[in-house]
Amino acid sequence: MKSIAVFPNYHVYKHSERDSQFYQKRNELAFYTELADGYSSVKAVAFWKKYGADGAFDAAELDHVELVSLGHWLYEMSDARKVIAYAGALFQIVQAVISSDRIYLYLPGSNSVIAGLAAVLLRRSFAAYVRNGLDRQPRILRACYRIILRRAEFVVCTGRAIELAVSKFNQSTYHVSPMIPFAMTDACDPLMLKERAGVRLLYVGTLNQTKGIFDLIEIVKNLHELGIEFELKIVGNAHEKVRRDLQESIERHDLKARITIIDFISQPEKLKKLYSDSHIFLYPSVHNEGFPRVLYEAMLFGCLIVTYRLDSYSGFLVDQVNCFMVEPGASGDAANAIKEAVGNPDLYFAVAKKGNKDAVNYLSDVAGARHGHQVIEYFYDASECRQHNG
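The paragraphs below set out a description of the structure included in this document. From a predicted model like this one, the values you see are computed outputs, not experimental measurements.

Cut-offs and rules
Residues numbered from 1 in each chain as written. Predicted model: local features only at pLDDT ≥ 70, side-chain atom pairs only at ≥ 80, totals over all residues. Heavy atoms only, no water. Pairing = 2+ DSSP bridges. Helix = DSSP H or I, 4+ residues; strand = E, 2+ residues; numbered from the N terminus. Axes fitted to C-alpha atoms, helices over the stretch in contact; angles between N-to-C directions. Contact = heavy atoms within 4.5 Å. Salt bridge = Lys/Arg side-chain N within 4 Å of Asp/Glu carboxyl O. Buried < 20%, exposed > 50% of the residue type's maximum accessible area, 1.4 Å probe, protein only. Patch = residues over 30% accessible without salt bridge, like charges linked within 9 Å, V, L, I, M, F, W, Y side chains within 5 Å. Areas by Shrake-Rupley, 256 points an atom, 1.4 Å probe, with all protein chains shown as cover. Parallel < 35°, antiparallel > 145°, perpendicular 65-115°, else oblique. Left-handed = near helix turned anticlockwise from the far one by under 90°. Nonpolar A, V, L, I, M, F, W, Y, C, P; charged D, E, K, R; others polar. Expected span 1.5 Å × (residues − 1). Core = buried A, V, L, I, M, F, W, Y, C linked by side-chain atoms within 4.5 Å.

## A look at the sheet that holds strand 15 (residues 304-308)
Line of reasoning, step 1. The strand order across the open sheet formed by 6 strands is 13-12-11-14-15-16, and the pairing between neighbours is parallel. Every other strand in the sheet has two partners, leaving strand 13 (259-262) and strand 16 (324-326) as the edge strands with one partner each. Each adjacent strand pair in this sheet contributes to an overall mean axis angle of 20°, direction not counted.
Line of reasoning, step 2. Pairing between strand 15 and strand 16: 3 bridges, direction parallel. Bridged to Val 306 within strand 16 is Phe 324.
Line of reasoning, step 3. The strands that helix 9 (residues 293-300) touches are strand 11 (199-204), strand 14 (280-283) and strand 15; relative to strand 14, the one it contacts most, it runs at about 165°.

Written out as structure tokens, the structure is:
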């Protein structure tokens, strides 16, 4: 059996430099386990970050999965330190490409760009997984991504808009199941909304400016000024400075009693309860990242989506049909959309239910095979095609 090296665009976690045990979210570990059904050796090539004692991740107790550590990554690293870190990792990345029969790249991602170009030059068999948009990357990176996509054996995507864009460079482009930790049997109807009881809002994701975390505060500030009763739960990781700025913004607008910030949660049961206990999932991201997994998850549990209008959502989200959408930065319009939903519970339920149904139908349609098994199958098909064509 052959070996495969995976270059994810996320970090892995360890307790210390000497620790051989690494940790990752359950659904990502499941991906490596699936790959091991078709490969004798699976390598995860990534930088690592320090793992805390909060039990947020599962241990990768898998004999067939190896972590190739590129070094310790710190949030507060300067740009110069990051360049040095990548320079130091260059040899390990190229070595992993040379020593593996198959290469699987997560794009966009700095490690994957280096590995992809090395695979092109060394004529190694590789494929790519594109989950985020590539069009907003710097020009030199866009040129690199085009080279990699054109030479890939195949490309898999999770969003229709991204699939359409990528297919211009590679005809062997496929849809793949989003790596979410829930089954279709977890799906539930929208929570009933009673105007006088207040509306429960939820945000799940990275806490940074491009994901709209400060727009989130502006929206609920406007909601407060409109006289709407609400509570907002914000779930996710943040740099320490962003967390401080967020707390200061909440206190400055006198919203502390209405907003709860919760650290990153990876346990599916805890996330399931948060989603199913919420009326509206508020996601004012301005980052064209493809179709975020959290939107699928929120819709699966009946949350009404209120979000900014982005190109990467087109083809699935439709304003006033299965979500409410406003123009990026229009926090006042987003607050008015929530007010409209609160004032018209029948409209809220109809739109949320349509979103729930669309998510279930879509996820059911693409979930026939898991991501890892699809990768094995597509690599096999590409190999058979090469042999047939001589």
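## Regarding the pattern of salt bridges
Line of reasoning, step 1. A full pass over the atoms with the stated rule returns 10 salt bridges.
Line of reasoning, step 2. Here Asp 277 ties to Lys 273 by a salt bridge, and the two come within 2.9 Å at their closest N and O atoms.
Line of reasoning, step 3. With a relative accessible area of 29%, Asp 277 lands in the partly exposed category.
Line of reasoning, step 4. Classification of Lys 273 by relative accessible area gives exposed; the value is 52%.
Line of reasoning, step 5. Where Lys 354 meets Asp 358, a salt bridge forms, and the shortest distance between an N and an O atom there is 2.8 Å. In this pair, Lys 354 and Asp 358 both sit in helix 11 (residues 345-366), 4 residues apart, roughly one turn of the helix.
Line of reasoning, step 6. The class of Asp 358 is buried, set by a relative accessible area of 16%.

## What about a nonpolar patch on the surface?
Line of reasoning, step 1. Taken together, the side chains of Ile 98, Leu 121 and Leu 122 present a nonpolar region at the surface, about 310 Å² in accessible area.
Line of reasoning, step 2. Checked against the element boundaries, Leu 122 lands in helix 3 (residues 110-122).

## A closer look at the packing of helix 6 (residues 213-225) against helix 10 (residues 331-343)
Line of reasoning, step 1. At a minimum axis separation of 8 Å, helix 6 and helix 10 run at an interaxial angle of 55°. When the axes of helix 6 and helix 10 are compared, the pair comes out oblique. Crossing handedness for the pair helix 6 and helix 10: right-handed. Every residue of helix 10 that contacts helix 6 at Asp 215, Glu 218, Ile 219, Asn 222 and Leu 223 is listed here: Ser 331, Gly 332, Ala 334, Ala 335, Ile 338 and Lys 339.
Line of reasoning, step 2. Across the contact of helix 6 with helix 10, the residue classes tally to 5 nonpolar, 3 polar and 3 charged.

## Quick look at helix 7 (residues 240-252)
Line of reasoning, step 1. When the terminal C-alpha atoms of helix 7 are compared, their 18 Å separation across 13 residues agrees well with the 18 Å that a helix rising 1.5 Å per residue should span.
Line of reasoning, step 2. Lining the buried residues of helix 7 we find helix 6 and strand 13.

## A short note on the environment of Val 375
Line of reasoning, step 1. Locating Val 375 in the fold gives a position in helix 12 (residues 371-388).
Line of reasoning, step 2. Taking relative accessible area as the criterion, Val 375 reaches 1% and is therefore assigned buried.
Line of reasoning, step 3. With sequence-adjacent residues up to four places away left out, Val 375 is seen in contact with Phe 31, Leu 35, Tyr 104 and Phe 154.

## Re the nonpolar core
Line of reasoning, step 1. In this structure, Val 199, Leu 201, Ile 234, Tyr 275, Phe 281, Leu 317 and Ile 338 are the most contacted members of the largest nonpolar core, which totals 69 residues.
Line of reasoning, step 2. Counting residues per element, this core draws most heavily on helix 11, which supplies 7 residues.
Line of reasoning, step 3. If sequence neighbours within four positions are ignored, Leu 317 has contacts with Phe 291, Leu 295, Met 299, Thr 307, Asn 322, Cys 323 and Met 325.
Line of reasoning, step 4. Counting 32 residues, the second-largest nonpolar core is a separate cluster that includes Val 45, Val 120, Phe 126 and Ala 152.

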